[in-house]
Amino acid sequence: MPDARPHLGEPLALDLLNTRWIDAEGPQDLLTDLAGLRRWLADNDLSVAVDAAMLRAVVATREAILRTVRGGSADELNRVLDHGRIRRVLTPDGPVAEPDVRQAEWFPAWLAAENLLELLGAAPDRIKQCAHPNCVLWFHDTSKNGARRWHSMATCGNRAKATRHYAKKTHPDE
């Protein structure tokens, strides 16, 4: 079954935020049940057993990530991060950093929180919410100059341009 979400392919933390969106029928949320959690995990190549505890952990992490990227307290995010760590080991192929999460239900949530730390460490100003007033989607701005405004130029960007064009035609003196 294809994913109904309008914007896929963002880094894990932002993809988790994008499990909520608005379409013609109103607000949507992929994470209302285990089937939606399975869809999100599959979209991100995470093959793990799911249960209600994992769904609660992932939804709580989505809220923690949202508060963090909006500039709120990082306390909730830090509580998620307390569930795991990066374990460094030396293998025959060389050094490896691997996730070590004590409770399986926190594994995907912890990975998303860890990914947010990576994004914040690399370029926090590149984590953006779509500029369209009716859009709740997030994206990692990979444009050369960091000036991208829309999660998708084909949808929200074109809507904004059409709105401006219509306003100029109907109110030319403004």
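As the structure is a computational prediction, the values presented were derived from the model and not from experiment. (Residues numbered from 1 in each chain as written. Predicted model: local features only at pLDDT ≥ 70, side-chain atom pairs only at ≥ 80, totals over all residues. Heavy atoms only, no water.)

(A) Focus on the overall build of the protein. Per the secondary structure count, the protein includes six helices and six strands. Reading the protein from its N terminus to its C terminus gives the helix and strand order α-β-β-α-α-α-β-β-α-β-β-α. Per-residue burial over the protein gives 40% buried out of 174 residues. Relative to all contacts within the protein whose residues are 6 or more apart in sequence, the contacts with residues 24 or more apart total 47%. Counting only carbon and sulfur atoms, one obtains 52% of the accessible surface of the protein, whose full area is about 10200 Å². (Helix = DSSP H or I, 4+ residues; strand = E, 2+ residues; numbered from the N terminus. Buried < 20%, exposed > 50% of the residue type's maximum accessible area, 1.4 Å probe, protein only. Contact = heavy atoms within 4.5 Å. Areas by Shrake-Rupley, 256 points an atom, 1.4 Å probe, with all protein chains shown as cover.)

(B) Fine view of the pattern of salt bridges. Inspection of the entire model under this criterion finds ten salt bridges. Salt-bridge contacts for Asp29 lead to Arg62; the nearest nitrogen and oxygen are separated by 2.9 Å. With Asp29 in strand E2 (residues 26-29) and Arg62 in helix H3 (residues 52-69), this residue pair connects regions lying 33 residues apart in the sequence. Judged by its relative accessible area of 27%, Asp29 is partly exposed. The class for Arg62 is buried, based on a relative accessible area of 2%. Measuring nitrogen to oxygen at the nearest pair gives 3.7 Å for the salt bridge that ties Arg62 to Glu63. One network of salt bridges, in which partners are shared, links Arg5, Asp15, Arg39 and Asp43. (Salt bridge = Lys/Arg side-chain N within 4 Å of Asp/Glu carboxyl O.)

(C) Looking closely at the packing of helix H2 (residues 34-43) against H3. Direction vectors running N to C along H2 and H3 enclose 65°, while the axes themselves pass 10 Å from each other. With respect to H3, the element H2 is oriented roughly perpendicular. For the pair H2 and H3, the crossing hand works out as left-handed. Residues Leu34, Leu37, Trp40 and Leu41 of H2 form the contact with H3, whose participating residues are Ala52, Met54, Leu55 and Val58. Of the residues in the contact of H2 with H3, the class split is eight nonpolar, no polar and no charged. (Axes fitted to C-alpha atoms, helices over the stretch in contact; angles between N-to-C directions. Parallel < 35°, antiparallel > 145°, perpendicular 65-115°, else oblique. Left-handed = near helix turned anticlockwise from the far one by under 90°. Nonpolar A, V, L, I, M, F, W, Y, C, P; charged D, E, K, R; others polar.)

(D) Here's a closer look at the nonpolar core. Leu37, Trp40, Val58 and Ile65 are the most contacted members of the largest nonpolar core, which has 39 residues in total. Contributions of two or more residues to this core are made by helix H1 (12-17), H2, H3, helix H4 (75-81) and helix H5 (107-122). Excluding its chain neighbours within four sequence positions, the residues that come into contact with Leu37 are Leu30, Leu31, Val50, Asp51, Met54, Leu55 and Val58. (Core = buried A, V, L, I, M, F, W, Y, C linked by side-chain atoms within 4.5 Å.)

(E) Broad picture of H5. For H5, built from 16 residues, the straight-helix expectation of 22 Å at 1.5 Å per residue is met to within 8% by its first-to-last C-alpha distance of 23 Å. When H5 is considered as a whole, its buried residues turn out to be Pro108, Ala109, Trp110, Leu111, Ala112, Ala113, Glu114, Asn115, Leu116 and Leu119. (Expected span 1.5 Å × (residues − 1).)

(F) Local environment of the packing of H3 against H5. Interhelical geometry of H3 versus H5 gives an angle of 20° and a closest axis separation of 8 Å. In terms of orientation, H3 lies roughly parallel with respect to H5. The two elements H3 and H5 cross, and the hand of that crossing is right-handed. Contact residues: Met54, Ala57, Val58, Thr61, Ile65, Thr68 and Val69 in H3; Pro108, Ala109, Ala112, Ala113, Leu116 and Leu120 in H5. Looking at side-chain class alone, the contact of H3 with H5 contains eleven nonpolar, two polar and no charged residues.

(G) A look at the side chain of Arg126. Structurally, the position occupied by Arg126 is in the loop between H5 and strand E5 (127-129). As a buried residue without a salt bridge, Arg126 has its nearest oppositely charged side chain in Asp141, at a separation of 4.1 Å. Among the polar contacts listed, one links the side chain of Arg126 to the backbone oxygen of Ser143, at a separation of 2.6 Å. Setting aside its immediate chain neighbours within four residues, Arg126 contacts Phe139, His140, Asp141, Thr142, Ser143, Lys144, Asn145 and Gly146. (Lys, Arg positive; Asp, Glu negative; His and termini not counted. Polar contact = N/O pair within 3.5 Å; in protein donor to acceptor, adjacent residues only side chain to side chain.)

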